[in-house]
Amino acid sequence: MTVVGAPGSADLVIVANRLPVDRVEEPDGSAGWRRSPGGLVSALEPVMRENDGIWIGWPGGTEQDLQPFQDDGLDLVPMTMTAEEISDFYEGFSNATLWPLYHDVVAKPEFHRKWWDAYVSVNRRFAERAAEVAAEHSTVWVHDYQLQLVPAMLRELRPDLRIGFYLHIPFPPNELFSQLPWRRQLLEGLLGADLVGFQLSGAAQNFIRLVRRRVGHKTHRDLVYLPDGRMVRAAAFPISIDATAYEDLARSPEVTERAKEIREAVGNPRRIFLGVDRLDYTKGIYARLRAFGELIAEGSLDVEDAVFVQVATPSREQVEQYRILRDDIERLVGRINGDLGKIGQPVIHYLHSSYPREEMAAFFRAADVMVVTPLRDGMNLVAKEYVACRFEDDGALVLSEFAGAAEELRQAWLVNPYDINGMKAALREAYDADGRDLARRMRAMRKTVTQHDVSAWARSFLHELSSVRPSHGKTVRPAKRS
Ligand code: ADQ
């Protein structure tokens, strides 16, 4: 057996900011690992097993002495982070510069040279680690906005590799991207990849246009021609979920029972509205709750008939914008419940907590109207998870036009999240919709989500990556269909 993380040992290297595990303390006080549930892990796990894959990422925290290890058969290489790097690279450049800039500047991005320096040095460390563990002519797949410099840094160290990059969030147009003082460096970083994948084709076009304009390379359609003869392809690969796993969970007797309990706990109203989001200013939680509050205040909906359950996962709590957002939302919830609720009957049930997947599936089954109204979102997996759980072809989805998912889930009630009256009208329509209308819409959306699941996404990216440089060494074997 080879040692995990041995030099030159891996045929497929996944590089992401986070490892798919969290550090936890065991009852006996020792440190252990718990698999963090996520679509990305379940998508990549089969391909990793099939290809001697290895995953490089940060496990969270500041512990410095971490060794590569195996967890449930997956080879994991932990990267360390100092407290200063967490503050400058992660909370700073990644989440207070790039995140708001790439999401339509819905919050004001901050530009600090010290943050950029930390971004460069952390990216370099990730690239060096990947260069160490990757076997000759193997494939490295780099993920997301925290690591956009890794492709070029890695190519310089290891020109033999086949390198893919996937961006999980939107990629902005020139008008916004060009604010960035380091715009050219970021574009050049991405151009180290052979294939750059985005959620939507509009994002891929933004990238191609920016490369032509800011770096000056020749482009044609989805290809960039570099002076050294290499080609880089930019294309859309809309991400998805493990739809069958969600459906199986939703059908289970435990989840069915739990969904009933949830309905009873909120007073068995005619309709339950549900929001599930990371507590993030891009998710449009504030305007959505205002819209619902107004419907109740005006008497369009009655609190006996309709309640709103908002599940908000704690997120990036060290970043100031997120603390302000939390206060704003909690004040609004307090005001709406104070003004409009009755004893034992709040209008909004607000939960600031993270839940296991079974509980999430129970929420999805209990809800009649799922309200997903981000101001901007790369894809939004919650919308797809809801659809996957509605195996009885019922339930309504109200979905923002500005979520990537809106390009596929056309049968949802599509709304402009900036238009409160428009959202109110859509919520009311979804409330009133009859069973036939719901079934027609849900059937079509379920077909989309089942056919384009997360393993199809991973397969198509890796397939495309191997055909971008067909004459180049080993090809990643697709995972067998389960
Ligand atoms: P996120 O911004 O995190 O992802 P999303 O796609 O909705 O947004 O994924 C959130 C995930 O967390 C979902 O799987 C959801 O079920 C889960 N979740 C949310 N609240 C939870 C809670 N309280 N308890 C437990 N689980 C909870 C980024 C981009 C998206 C893109 C994804 C994937 O911002 O646009 O869709 O990556 O590429």
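Residues numbered from 1 in each chain as written. Predicted model: local features only at pLDDT ≥ 70, side-chain atom pairs only at ≥ 80, totals over all residues. Heavy atoms only, no water.

1. Considering the sheet that holds strand 16 (residues 369–372)
Strand order in the open sheet formed by six strands is 15-14-13-16-17-18, and the pairing between neighbours is parallel. Among the strands making up the open sheet, the edge pair consists of strand 15 (348–352) and strand 18 (413–415). Across the sheet, the mean angle separating the axes of adjacent strands is 20° when strand polarity is ignored. Sheet analysis places strand 13 (residues 271–278) next to strand 14 (residues 306–313), joined by eight bridges and oriented parallel. From the neighbouring strand, Leu 274 faces strand 14, where its bridge partner is Val 309. (Pairing = 2+ DSSP bridges. Helix = DSSP H or I, 4+ residues; strand = E, 2+ residues; numbered from the N terminus. Axes fitted to C-alpha atoms, helices over the stretch in contact; angles between N-to-C directions.)

2. Focus: the domain arrangement of the protein
Domain boundaries in the protein define domain 1 (10–239 + 455–468) and domain 2 (243–451). Taken together, the contacts link 19 residues of domain 1 with 22 residues of domain 2. When domain 1 packs against domain 2, the two sides together hide about 1600 Å² of surface, and 62% of this comes from carbon and sulfur. If you look at where domain 1 meets domain 2, you find one salt bridge. Residues Asp 104 and Arg 376 are paired through a salt bridge, measuring 3.1 Å at the closest nitrogen-oxygen approach. Ranked by residues supplied to the side of domain 1 that touches domain 2, first place goes to helix 2 (residues 83–102) with four residues. Here the residues of the side of domain 1 that touches domain 2 sort into twelve nonpolar, four polar and three charged. (Domains from an automatic or database assignment. Contact = heavy atoms within 4.5 Å. Buried area = accessible area lost by both parts, 1.4 Å probe. Salt bridge = Lys/Arg side-chain N within 4 Å of Asp/Glu carboxyl O. Nonpolar A, V, L, I, M, F, W, Y, C, P; charged D, E, K, R; others polar.)

3. Let's talk about the sheet that holds strand 11 (residues 223–225)
Taken together, ten strands build an open sheet; the order of strands is 5-6-4-1-7-8-9-12-11-10 and the sheet is mixed. Each edge of the sheet is formed by a strand with only one pairing partner; in this case those strands are strand 5 (69–71) and strand 10 (218–220). Neighbour to neighbour, the strand axes of the sheet diverge by 25° on average, direction disregarded. Bridge count for strand 10 against strand 11 is three bridges, and the pairing is antiparallel. Opposite His 220, over in strand 11, you have Leu 223 as the bridge partner. Lying over the sheet, helix 4 (residues 150–157) contacts strand 7 (134–143) and strand 8 (162–166), oriented at roughly 170° with respect to strand 8. Where helix 7 (residues 201–215) meets the sheet, its contacts fall on strand 9 (195–198), strand 10, strand 11 and strand 12 (231–236), and the angle it forms with strand 12 comes to roughly 150°.

4. Considerations on the site of the ligand
Near the ligand lie 20 residues; those nearest to it are His 168, Thr 313, Ser 353, Asp 377 and Glu 385. Take Lys 283: an N or O atom from its side chain is 3.0 Å from an oxygen atom of the ligand. Against a free-state accessible area of 720 Å², the protein chains account for coverage of 83% of the ligand. Of all the secondary structure elements, the ones that give two or more residues to the shell around the ligand are strand 13, strand 14 and helix 13 (381–389). The dominant element in the shell around the ligand, judged by the number of residues it contributes, is helix 13, at three residues. Two domains share the shell around the ligand, each providing at least three of its residues, namely domain 1 (10–239 + 455–468) and domain 2 (243–451). (Near = heavy atom within 4 Å. Polar contact = N/O pair within 3.5 Å; in protein donor to acceptor, adjacent residues only side chain to side chain. Areas by Shrake-Rupley, 256 points an atom, 1.4 Å probe, with all protein chains shown as cover.)

5. With respect to the packing of helix 13 against helix 15 (residues 435–451)
It is the contact of helix 13 with helix 15, at a shortest axis distance of 9 Å, that shows an interaxial angle of 110°. Looking at the two axes, helix 13 sits roughly perpendicular to helix 15. Once helix 13 is placed against helix 15, the crossing between them reads as left-handed. In contact with Lys 384, Tyr 386, Val 387, Ala 388 and Cys 389 of helix 13, helix 15 contributes Met 442, Met 445, Arg 446 and Val 449. (Parallel < 35°, antiparallel > 145°, perpendicular 65-115°, else oblique. Left-handed = near helix turned anticlockwise from the far one by under 90°.)

6. Considering the packing of aromatic side chains
The tally for this structure, following the rule as stated, stands at 28 aromatic pairs. Grouped by ring-pair contacts, the aromatic residues Phe 89, Phe 93, Trp 116, Tyr 119 and Trp 182 constitute a single cluster. One cation-aromatic arrangement involves Arg 271 over Tyr 431; the distance from NZ or CZ to the ring centre is 5.8 Å. (Phe/Tyr/Trp six-rings, centres within 6.5 Å; stacked < 30°, edge-to-face > 60°. Lys NZ or Arg CZ within 6 Å of the ring centre and 35° of its normal.)

7. Let's talk about unusual backbone geometry
Even without being glycine, Asp 104 reaches a positive phi, approximately 60°. Of note, Asp 104 is situated in the loop between helix 2 and helix 3 (113–133).

8. Some points on the environment of Asn 421
Within the element layout of this structure, Asn 421 appears in helix 14 (residues 420–432). In the structure, Asn 421 is positioned 96 residues away from Leu 325 in sequence and 22 Å away in space, judged by C-alpha atoms.

9. Structural notes on the pairing of strand 2 (residues 21–25)
As paired elements, strand 2 and strand 3 (residues 31–35) share five bridges and run antiparallel to each other. Across the sheet, residue Glu 25 finds its bridge partner in strand 3, namely Ala 31.

10. Quick word on the environment of Glu 464
Tracing the chain through its elements places Glu 464 in helix 16 (residues 454–468). On the basis of relative accessibility, which here comes to 21%, the residue Glu 464 falls in the partly exposed class. Considering only alpha carbons, one finds Glu 464 and Phe 126, 338 residues apart in sequence, at a separation of 24 Å. Apart from the residues lying within four places of it in its own chain, the contact partners of Glu 464 are Leu 195, Arg 233 and Phe 237. (Buried < 20%, exposed > 50% of the residue type's maximum accessible area, 1.4 Å probe, protein only.)

11. Section: the side chain of Arg 230
Relative to the elements of secondary structure, Arg 230 occurs in the loop between strand 11 and strand 12. On the basis of relative accessible area, Arg 230 is assigned to the buried category, the value being 13%. Polar side-chain contacts of Arg 230 include one of 2.6 Å to the backbone oxygen of Leu 191. Here Ala 193 takes part through its backbone oxygen, which lies 3.3 Å from a polar atom of the side chain of Arg 230. Residues contacting Arg 230, with those up to four places away along its chain left out, are Arg 155, Leu 191, Gly 192, Ala 193, Asp 194, Val 224 and Tyr 225.

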